[in-house]
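Here's the letter readout for the chains.
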Amino acid sequence: MFAPAVGPAFALTNEEIAARVEQLRQSNQRWLQVDLSSQRLYAWEGDTPVYAVIVSTGKPSTPTVRGVFAIQSMHRTTRMRGADYDVPNVPWTMYFHRGYAIHGAYWHHNFGTPVSHGCVNVAVDHAEWFFNWSSIGTPVVVQE
């Protein structure tokens, strides 16, 4: 079974992330991949891609964390707050590392452009699909 990274995710090199991806591809496990360079979110079952959408990740001043994680908690709706934002009823939220989450975004339609405070923003209908397909412990790989 796949084990998520232990310790600071920022410490993983591109090679270490690639090695974890290779392990996941050789399994039959469900996993999520966030490609920061293409602004895409993929659902995989082993080496088979099953769903892909365009997303918006963190802007340069608030980047999305890179590394290998696992979904820690799932919420049909939640409130997200930070120093300069307070957003109620954020749908289909899956936290994968501290305050970082994959979630629906009803407040913008700029998918394909990094605009978030570090989360992975997904169109609401697609976020619901990922939420229903995933579970606690589903690996999440975030890479360039």
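Details of the structure are given in the entry above.
All of the points below concern the structure found in this document. (Residues numbered from 1 in each chain as written. Predicted model: local features only at pLDDT ≥ 70, side-chain atom pairs only at ≥ 80, totals over all residues. Heavy atoms only, no water.)

1. Quick word on the packing of aromatic side chains
For the record, the criterion: A pair of Phe, Tyr and Trp rings is counted when the ring centres sit within 6.5 Å of each other, with Trp represented by its six-membered ring. The angle between the planes then sorts it: under 30 degrees is stacked, over 60 is edge-to-face, the rest tilted. Every helix listed is a DSSP run of H or I at least four residues long, and every strand listed is a run of E at least two residues long, numbered separately from the N terminus. When a residue's accessible area, from a 1.4 Å probe over protein chains only, is under 20% of the maximum for its type it is buried; when over 50% it is exposed; and in between it is partly exposed. Geometrically, a charge over a ring is one whose NZ (Lys) or CZ (Arg) sits within 6 Å of the ring centre while staying within 35 degrees of the ring normal.
Throughout the structure, instances matching the rule amount to 10 aromatic pairs. Here the aromatic rings of Phe69 and Phe96 are separated by 5.4 Å at their centres, their planes lie at 50 degrees, and the arrangement is tilted. One end of the pair, Phe69, is in strand β4 (residues 67–70); the other, Phe96, is in strand β6 (residues 85–97), and 27 residues separate them in sequence. With respect to class, Phe69 is no different from Phe96; both count as buried. With a centroid separation of 6.5 Å and an interplanar angle of 35 degrees, the aromatic rings of Phe96 and Tyr100 are classed as tilted. Taken together, Tyr51, Trp129, Phe130 and Trp133 form an aromatic cluster joined through their ring pairs. Positioned over the ring face of Trp44 is Arg25, at 4.6 Å from the centre of the ring.

2. Description of the nonpolar core
The condition that has to hold: Buried residues of nine kinds, namely Ala, Val, Leu, Ile, Met, Phe, Trp, Tyr and Cys, make up a nonpolar core once their side-chain atoms join them within 4.5 Å. Pairs of residues are marked as contacts when any of their non-hydrogen atoms sit within 4.5 Å.
Formed by 22 residues in total, the largest nonpolar core has its most connected members in Leu32, Leu41, Phe96, Ile102, Val122 and Val140. For this core, the element with the highest residue contribution is helix α2 (residues 124–133), accounting for four residues. Once you skip the residues sitting within four places of it in the chain, Ile102 turns out to touch Leu32, Leu41, Trp92, Thr93, Met94, Phe96, Val120, Val122 and Val140. Judged by nonpolar contacts, the second largest core, of eight residues, contains Ile17, Leu24, Trp31 and Val68.

3. Some details on unusual backbone geometry
Even without being a glycine, Trp92 presents a positive backbone phi close to 55 degrees. Structurally, Trp92 can be placed in strand β6. On the accessibility criterion, Trp92 (14% relative accessible area) is buried. If you check the backbone angles, Arg98 has positive phi at about 45 degrees while not being a glycine. Mapping Arg98 onto the fold places it in the loop between β6 and β7 (100–104). For Arg98, a relative accessible area of 72% corresponds to the exposed category.

4. Considering the pattern of salt bridges
Rules: A carboxyl oxygen of Asp or Glu within 4 Å of a side-chain nitrogen of Lys or Arg is what we treat as a salt bridge.
Under the counting rule described, the total for this entry stands at three salt bridges. In this structure, Arg79 engages Asp86 in a salt bridge whose closest nitrogen and oxygen atoms are separated by 2.7 Å. You can call Arg79 partly exposed: its relative accessible area is 46%. Asp86 sits in the partly exposed class, given a relative accessible area of 39%.

5. Focus: a nonpolar patch on the surface
Quick reminder of the rule: Candidate patch residues must exceed 30% relative accessible area and have no salt bridge, after which like charges are joined if within 9 Å and Val, Leu, Ile, Met, Phe, Trp or Tyr side chains if within 5 Å. Surface exposure here means Shrake-Rupley accessible area, sampled with a 1.4 Å probe, where a residue is shielded only by the protein chains that are shown.
On the surface, a nonpolar cluster with roughly 260 Å² of combined accessible area is contributed by Tyr106, Trp107 and Val124. Residue placement: Trp107 occurs in the loop between β7 and β8 (120–122).

6. Here we look at the layout of surface pockets
This is how the line gets drawn: Using only the protein atoms, space was sampled on a 1 Å grid; points where a 1.4 Å probe fits but cannot get out form cavities, open sets with protein on both sides within 12 Å along at least five of seven lines form pockets, and lining residues are those with an atom within 4 Å of a point. Grid points are joined across faces, edges and corners, and a volume is the space filled by probe spheres set on the points. Gly falls in the polar group here, along with every residue not listed as nonpolar (Ala, Val, Leu, Ile, Met, Phe, Trp, Tyr, Cys, Pro) or charged (Asp, Glu, Lys, Arg).
The volume enclosed by the largest pocket comes to roughly 320 Å³. Forming the walls of the largest pocket are 18 residues, and the residues nearest its centre are Met80, Tyr85, His103, His117 and Cys119. Listing elements by their share of the lining of the largest pocket, those giving two or more residues are β5 (73–82), β6 and β7. Looking at which element gives the most residues to the lining of the largest pocket, the answer is β6, with four residues. Its residues assigned to classes, the lining of the largest pocket comprises nine nonpolar, seven polar and two charged.

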